[in-house]
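# Reading the structure
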Amino acid sequence: MARLGTELARKGVHVAMGGFAFALRWLTPGQAMVCAAVAVAFNLFVLHRLTARRLLREGERDRGFSLGIALYPAVVLAAIAVFSDRLELAAGVWAFLAFGDGMATVVGVLVGGPRLPWNRDKTWSGLVAFVLYGTAGAALVIPWVQRAALDAAAAGTTVDHVGASFVSAVAPDVVFLLVGCSVAACAAALAESADTGIDDNILVPLVGGLVLAAAAAVEPGRLADTLADRGGPLVIGRRVYLALAVAASAARSVDRSGAVGGWVLGTAVDARAEGRGCALLLAVIVVGTAATQTGYARKAALG
């Protein structure tokens, strides 16, 4: 019972600290990094004295501090540094760590239920909770932090540390925001549920941040704008890539799924980057195919 109380108390603090992610709307990257650095020192030297070590697990009480609790603000500091020009993405990563990972443990402990087939220490209820709370938290904090640009405009100034992630003129931005956040939350939840031996405070932000950044880079709303603008040229591009996919499949350079994937990727690149992107994609395909075929017999023999 004492162990359960310790775990729930830890996760309560873990989730509550996610509320500070909303403060990134009013902070510059430098100010945010200073705050995160102060939090690292606080968690190392002050927190456990204030809480009479009640947040420490059994194996941590001898050394007097928790590596995981110290890692939490350290990883937030790293996320802010990496996304110093897109603080809304740093806030989204923080939401995955605080609300997704935190609530996964809380729900998993309190609700329980069937265990995951790939990790018997984790539950389906915890996995679902991660996705739901992580998605909701990121979808709330990202546009909130982006409002820093509107605040600056109202004051007659500008900011260069927030972007326009998941914004579209064709469809409601909330659709792309939810899709991007949910995909990233799913990836982070699956990574957290795997028995990797890597601390969740590192693995969750790493995977969630990479996928969230990729989703923001794709910017599906702007892609939709481009598709609407290009019209005829894009139709021609789709036909060209379809012909290339069929030819590659007939030559047995790729299997059926590879041909379909290549057609989709080629069409997307053509829509966003047009000639330069297509040339780069073609170069990658040529070099990759050549590298695969070089010494193929020896590679096949080695498995």
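Above this text sits the structure in question.
Residues numbered from 1 in each chain as written. Predicted model: local features only at pLDDT ≥ 70, side-chain atom pairs only at ≥ 80, totals over all residues. Heavy atoms only, no water.

## Describing the overall build of the protein chain
For the protein chain, the helix and strand inventory stands at 13 helices and two strands. The buried share of the protein chain, taken over its 303 residues, is 40%. Of the contacts made within the protein chain by residues no fewer than 6 positions apart, 72% connect residues no fewer than 24 positions apart. Accessible surface, the protein chain as shown: approximately 16,500 Å² in total, 68% of it carbon and sulfur. (Helix = DSSP H or I, 4+ residues; strand = E, 2+ residues; numbered from the N terminus. Buried < 20%, exposed > 50% of the residue type's maximum accessible area, 1.4 Å probe, protein only. Contact = heavy atoms within 4.5 Å. Areas by Shrake-Rupley, 256 points an atom, 1.4 Å probe, with all protein chains shown as cover.)

## Some remarks on the side chain of Ser165
Positionally, Ser165 belongs in the loop between helix H6 (124-154) and helix H7 (173-193). Only 2.8 Å separates the side chain of Ser165 from the side chain of Glu88, close enough to count as a polar contact. When sequence neighbours within four positions are dropped, the list of residues in contact with Ser165 reads Arg86, Glu88, Leu89, Gln146 and Ala216. (Polar contact = N/O pair within 3.5 Å; in protein donor to acceptor, adjacent residues only side chain to side chain.)

## Brief notes about the nonpolar core
Residues Ile142, Phe166 and Leu212 are the most contacted members of the largest nonpolar core, which totals 47 residues. Those elements giving two or more residues to this core turn out to be helix H4 (67-82), helix H5 (87-110), H6, H7 and helix H8 (200-218). No other element matches H5, which puts 15 residues into this core. The residues contacting Phe166, other than those within four sequence positions of it, are Ile142, Asp173, Phe176, Leu177, Gly180, Leu212, Ala215 and Ala216. (Core = buried A, V, L, I, M, F, W, Y, C linked by side-chain atoms within 4.5 Å.)

## A few points about the pattern of salt bridges
Where charged atoms from two side chains of opposite charge come close, those side chains can pair. One pass over the structure, following the stated rule, counts three salt bridges. The salt bridge partner of Asp151 is Arg25, with a shortest N-O separation of 2.8 Å. Note that Asp151 is positioned in helix H6 and Arg25 in the loop between helix H1 (2-16) and helix H2 (29-45), a separation of 126 residues in sequence. Measuring nitrogen to oxygen at the nearest pair gives 2.8 Å for the salt bridge that ties Glu88 to Arg86. (Salt bridge = Lys/Arg side-chain N within 4 Å of Asp/Glu carboxyl O.)

## Here we look at the packing of aromatic side chains
For the structure on display, the rule yields three aromatic pairs. For the ring pair Phe22 and Trp144, a centre distance of 6.4 Å and an interplane angle of 70° mean the geometry is edge-to-face. Of this pair, Phe22 sits in the loop between H1 and H2 while Trp144 sits in helix H6, placing them 122 residues apart in sequence. Residue classification places Phe22 among the partly exposed positions, given a relative accessible area of 27%. Residue classification places Trp144 among the partly exposed positions, given a relative accessible area of 30%. With a centroid separation of 5.5 Å and an interplanar angle of 85°, the aromatic rings of Trp118 and Trp124 are classed as edge-to-face. A residue is classified by how much of its surface remains accessible, and Trp124, at 37% relative accessible area, is partly exposed. (Phe/Tyr/Trp six-rings, centres within 6.5 Å; stacked < 30°, edge-to-face > 60°.)

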